[in-house]
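One letter stands for each residue in the lines below.
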Amino acid sequence: MKWFDYTALTLVIIGAVNWLLVGVFRFDLVSFLFGNLSWLSRIIYTLVGLCGLYLLSLYGRIRGMSE
């Protein structure tokens, strides 16, 4: 399951970099690469969002390790 944690973290970091580009330069890298809300870009946005929700469980796992 560790591979899934790394994959999810990687996707969330890519999503964060994309939001940084949107906020600073008004440049959406996903839309640029895959089209403005094409089916592929919607899948990418959905995967990044689901990985972000999954990584919420990281808070509980970190707390469990420190106790």
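Cut-off values and rules
Residues numbered from 1 in each chain as written. Predicted model: local features only at pLDDT ≥ 70, side-chain atom pairs only at ≥ 80, totals over all residues. Heavy atoms only, no water. Patch = residues over 30% accessible without salt bridge, like charges linked within 9 Å, V, L, I, M, F, W, Y side chains within 5 Å. Areas by Shrake-Rupley, 256 points an atom, 1.4 Å probe, with all protein chains shown as cover. Salt bridge = Lys/Arg side-chain N within 4 Å of Asp/Glu carboxyl O. Helix = DSSP H or I, 4+ residues; strand = E, 2+ residues; numbered from the N terminus. Buried < 20%, exposed > 50% of the residue type's maximum accessible area, 1.4 Å probe, protein only. Axes fitted to C-alpha atoms, helices over the stretch in contact; angles between N-to-C directions. Parallel < 35°, antiparallel > 145°, perpendicular 65-115°, else oblique. Left-handed = near helix turned anticlockwise from the far one by under 90°. Contact = heavy atoms within 4.5 Å. Expected span 1.5 Å × (residues − 1). Arc of directions from axis to C-beta.

Taken together, the side chains of L20, V24, F25, F27, L29, F32, L33, F34, W39, L40, I43 and L47 present a nonpolar region at the surface, about 1,200 Å² in accessible area. Of all elements in the fold, only α1 (2–25), α2 (29–34) and α3 (39–54) reach the threshold of two or more residues within the nonpolar patch. When you line up the elements, F32 lands in helix α2. Residue class for F32 comes out exposed when judged on its relative accessible area of 59%.

Pairing between side chains of opposite charge can happen when the charged atoms of each approach one another. Considering all chains together, one arrives at one salt bridge under this definition. In this structure, R61 engages D5 in a salt bridge whose closest nitrogen and oxygen atoms are separated by 2.8 Å. One end of the pair, R61, is in helix α4 (residues 57–66); the other, D5, is in helix α1, with 56 residues separating them in the sequence. In this structure R61 comes out as partly exposed when scored by relative accessible area, which is 31%.

Moving on to the packing of α1 against α3. It is the contact of α1 with α3, at a shortest axis distance of 8 Å, that shows an interaxial angle of 120 degrees. Compared by their axis directions, α1 and α3 come out oblique. For the pair α1 and α3, the crossing hand works out as left-handed. Listed contacts from α3 to F4, D5, A8, L11, V12, G15 and N18 of α1 are Y45, L47, V48, C51, G52 and Y54.

Next up on the list: α3. Here α3 is 16 residues long and its end C-alpha atoms lie 22 Å apart, about the 22 Å a rise of 1.5 Å per residue gives. For α3, every residue scored as buried is listed here: S41, V48 and C51. Along the axis of α3, the buried positions cluster into a sector of 90 degrees, meaning they face one direction only. Facing away from the buried side of α3 by more than 90 degrees, the exposed set consists of W39, R42, L50 and L53. Residues of α3 that are buried sit in contact with α1 and α2.

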